[in-house]
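# Structure at a glance
Spelled out from the first residue to the last, the chains are:
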Amino acid sequence: MTGKIFRSIFSVAMSILLACLVILFGVLYSYFTNVQENSLKTMLHLSAAGVEKSGAEYFSNLDASCRLTWIAADGKVLFDSEKRAELLENHLERSEIKEAFAEGEGNSVRYSDTAMEKTIYRAVRLKDGTVLRASVSFAPIWTLLLGMLQPICVVFLIALALSAVLAYRVSKKITEPLEQIDLNHPLDTRTYEELTPLLRKIESQNQEIAAQKKELADKRTDMEFAEESRREFTANVSHELKTPLQTIMGSAELLENGLVKPEDINFFALGIRKESNRLLALIEDIIHLSQLDESLKMQFSEVDVYALCENEIERLEPIAKKNNIQLALLGEHTVLSAVPQLMKEIVHNLIDNAVKYNKPEGKVTVRVSSSGKQSILSVSDTGIGVSPEHQAHIFERFYRVDKSHSKATGGTGLGLSIVKHAVSYMEGEIRMESEPDVGTTITVLFPKNP
Ligand code: ADP
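Residues numbered from 1 in each chain as written. Predicted model: local features only at pLDDT ≥ 70, side-chain atom pairs only at ≥ 80, totals over all residues. Heavy atoms only, no water.

With the rule as written, the count across this model stands at eight aromatic pairs. Taking 5.8 Å as the distance between ring centres and 5° as the angle between the ring planes, the aromatic pair formed by Phe6 and Phe10 counts as stacked. You can see Phe6 and its partner Phe10 sitting in helix H1 (residues 2-54), four residues apart, about one turn around the helix. Its relative accessible area of 21% is what places Phe10 among the partly exposed residues. Judged by centre distance (5.6 Å) and plane angle (75°), the ring pair of Tyr58 and Phe59 falls under edge-to-face. Counting every residue linked through ring pairs, the aromatic cluster contains Tyr58, Phe59, Trp70 and Phe79. Looking at Arg110, its charged tip hangs above the ring of Tyr121, at a distance of 4.0 Å from the centre. (Phe/Tyr/Trp six-rings, centres within 6.5 Å; stacked < 30°, edge-to-face > 60°. Helix = DSSP H or I, 4+ residues; strand = E, 2+ residues; numbered from the N terminus. Buried < 20%, exposed > 50% of the residue type's maximum accessible area, 1.4 Å probe, protein only. Lys NZ or Arg CZ within 6 Å of the ring centre and 35° of its normal.)

In this structure the tally under the stated criterion is zero disulfides. As a non-bridged cysteine, Cys20 has Cys153 as the owner of its nearest cysteine sulfur, 17 Å distant. (Disulfide = S-S within 2.5 Å.)

To continue, consider the nonpolar core. In this structure, Cys309, Met343, Ile346, Leu350, Val366, Leu377 and Phe446 are the most contacted members of the largest nonpolar core, which totals 47 residues. Considering each element in turn, this core owes the most residues, eight residues, to helix H8 (residues 340-356). Contact partners of Leu350, with chain neighbours within four places excluded, come to Leu377, Val379, Leu416, Val419, Ile442 and Val444. Counting residues in each nonpolar core, the second largest holds 17 residues, with Leu44, Leu68, Trp70 and Ala134 among its members. (Core = buried A, V, L, I, M, F, W, Y, C linked by side-chain atoms within 4.5 Å. Contact = heavy atoms within 4.5 Å.)

Structure representation (structure tokens):
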């Protein structure tokens, strides 16, 4: 680019220089020609007056700056300031003389044989019928040019060098701000105002690209995260499934080989049933979770949360009674739009946990209420509580604060993660308050019309 600008400036400078030289020369030449023609005219008129007054005597002490010729009425040369008059031929046929005899004044221009000289003639008729002619010779324009070739060349070379230096500097100065543009931060550089729209466009495109890059990176991290949790989940699932199966297989083997005393058979059978139940519960929970994971479209319909709680409490009553745990249901019937199956899961898991992680003689209070556009379900217990460091994790898959307690009560570690998923599917919100040894309250807020 610098090279292109340099060449343009340089050629413009050269063209201007040449044009100036030609014009200047032309003007000067015509000016000097004019001056000479004028002085020739003045000289002729002065001399004409002199000849008219003093006749041939005028020429005796002549000191003229041009050639003077005096011609008689018959064309014979009477006097010439440069050559002897008798050697000169008759001048009657010379155009300026002819014109002067005819009209009183005559002019002509003639070039020498070699065209190295140009002569201008001016003639005037005197009162006595003779003609006086003045002439002057000078070089034509091209010979003048030829003569001045050397100084012209010197001027030209100096101008050439000067133009080259200036063109180089100017082109550098023009391109410098362009070279300084930082395409990553185009608006940070100070450059030509005319470029601002272009730079703005570059900047906005940069931002667009950055946003797209970020989006792609986020998508990748999301995908990596999803892949990672899927892998983790699969590993956990196979481990969780294996444990009860191994117990079942062990017990079955002992029974098969007759290694169990008849009075212990019942105990082993019970163990097998318990583990099978756990396995079943696990499989059910896993199926629910994967259904939720796949975000299949589930049908919303009107659900009475209070009625669901009543059923669940009724179901859990026998287990609660065993530990002298009191179950209470407060509030009113509220109907909201929800997925019945998911709502059942939520109610079941929350009340089940409140019983499972309670203390003997403890209490479970379930409240159903409604406020504005929300239905609120809260389950409080006076149980073992969750210490703050575990609170953030208990909604994760397979997370259990106390593995043995959870297992002993038939827990799978998936209940609360199903609750969390189900609540978010129905656009609800979960809050939890818990204090170790005092109890836990989990509150779920549902929009009545998600
Ligand atoms: P689990 O099948 O083990 O009950 P959950 O996902 O339902 O699995 O709960 C995860 C863990 O959170 C439980 O193992 C338990 O340690 C803790 N937890 C859940 N509910 C309560 C509660 N009401 N009181 C105390 N701890 C609880």
